[in-house]
Each structure stands twice: as C-alpha cells, then as structure tokens.
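Inside the fold
One-letter residues, chain by chain:
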Amino acid sequence: MTLIQDLPVPVIAMVNGVATAAGCQLVASCDIAVATDKSTFSTPGVSVGLFCSTPAVAIGRAMPRKVVMEMLLTGRPISAQDALLHGLVSRVVCEEQLEETTLAIARRVCECSRPVVALGKSVFHRQMSEGRDEAYACASAAMVENLALWDGQEGVRAFLEKRRPVWSNTDEEAHM
C-alpha cells in the first residue's frame, strides 16, 4: 500500500462494487478514486474478531477520524455518496460512466508534464505529514525546484505567450 504513494505517477482507483478491509485501504491509498453510485466501503474485521488495524492507517488519513472510527468499530459499510462526502473517493458516477470518467481523468493527468506531476505528488505527500510551518517550507522549496525544471520554465513561457506548453517530460533543469 505504501508503494502507491511512493510511485512518481498518480494511481487512480476505479471502484464498482464492494471495497472491504484491504480493498477499502487500497482506495484510500490511491491518489484519486472514482466509484459507482452502487459501491460500498467497509472495514468489517471487528465483526469477525480481527480489527482492521492496517486498513485504518490509510483510511484514517483520507477521512475524518469519527467517521473512520464508526466504520472500524461497527463494521458497517458506507455508501459511495458518504464516501464522497467524507473524502474517501473523489467522484461518484453511474456504472455506465465509470470507465469513461476514470479514463478522462487519467488522460488529463497525462497531458501534464511527468516530472512536474511526480514532484507535485511527492511534495504533497511529504508536506501532509508535517506541521504547518514545515509544510510551507517544504512546499516553498518545491516551488523553486519546480521552476528550475525545463518543463517549469516551458509552462511559464507558454502561459506568457498564450500557447499550449510543449513538455519535454524530462527531469532536466533549465539553463537560466
């Protein structure tokens, strides 16, 4: 599960049905999650004498504490709409739109610079574990690093020239 956050590319969950225990953990670990309106999410381990402790790590970082505790302590599932309301998923769609919606998100991410997306994902996860001041320091340093990238410079140039950027998709720094 930790590999998902460590990957330089975004990981998108596409949920159509029941995501229980480690499945729910997997959804919580992903960067983006799209679910059908019929999907449910649960941590039922307590009902069979095996508390969902490891799923609680990811789920507890994705959703409010009291909602997670209710899921963990009762084992009862939540609906896709409740999962959306509490931040476990990013979108809820009808089953017929699941693949189309998920692929549209993936395509949009793929239109962006790979090193910029990788840097952004890495910094987002790193700063989330920091206090406010440390998080701002981390993010500020990342902005400088991002601006040093060729794609960072290309993005600024394209914006100023009112054109679409042409990404190099390399980690090369621009020669300023």
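Residues numbered from 1 in each chain as written. Predicted model: local features only at pLDDT ≥ 70, side-chain atom pairs only at ≥ 80, totals over all residues. Heavy atoms only, no water.

1. Remarks on the sheet that holds strand E2 (residues 18-20)
Strand order in the open sheet formed by 3 strands is E2-E4-E5, and the pairing between neighbours is mixed. Each having just a single partner strand, E2 and strand E5 (78-79) make up the two edges of the open sheet. Where strand E4 (residues 40-42) lies against E5, 2 bridges are found, and the strand directions are antiparallel. The residue bridging Thr40 from the neighbouring strand is Ser79, located in E5. Against the sheet, helix H2 (residues 22-29) makes contact with E2 and E4, and its axis sits at roughly 95 degrees relative to E2, the strand it touches most. (Pairing = 2+ DSSP bridges. Helix = DSSP H or I, 4+ residues; strand = E, 2+ residues; numbered from the N terminus. Contact = heavy atoms within 4.5 Å. Axes fitted to C-alpha atoms, helices over the stretch in contact; angles between N-to-C directions.)

2. Examining the packing of aromatic side chains
Taken as a whole and judged by the stated rule, the model has 0 aromatic pairs. Stacked on the ring of Trp150, the Lys or Arg Arg157 has its end atom at 5.4 Å from the ring centre. (Phe/Tyr/Trp six-rings, centres within 6.5 Å; stacked < 30°, edge-to-face > 60°. Lys NZ or Arg CZ within 6 Å of the ring centre and 35° of its normal.)

3. What to know about a nonpolar patch on the surface
Among the surface-exposed residues, Val46, Phe51, Met69 and Leu73 lie close enough to one another that they form a single nonpolar patch of about 330 Å² accessible area. Residue classification places Val46 among the partly exposed residues on the basis of a relative accessible area of 32%. (Patch = residues over 30% accessible without salt bridge, like charges linked within 9 Å, V, L, I, M, F, W, Y side chains within 5 Å. Areas by Shrake-Rupley, 256 points an atom, 1.4 Å probe, with all protein chains shown as cover. Salt bridge = Lys/Arg side-chain N within 4 Å of Asp/Glu carboxyl O. Buried < 20%, exposed > 50% of the residue type's maximum accessible area, 1.4 Å probe, protein only.)

4. A closer look at the pattern of salt bridges
Under the definition given, this model contains 6 salt bridges. One salt bridge connects Asp31 with Lys121, and the closest N-O pair in it is separated by 2.8 Å. Of this pair, Asp31 sits in the loop between H2 and strand E3 (32-36) while Lys121 sits in helix H7 (residues 114-128); the two residues are 90 residues apart in sequence, bridging distant segments of the chain. Its relative accessible area of 28% is what places Asp31 among the partly exposed residues. For Lys121, a relative accessible area of 8% gives the class buried. Between Glu161 and Arg163 there is a salt bridge, with its nearest N and O atoms 2.6 Å apart.

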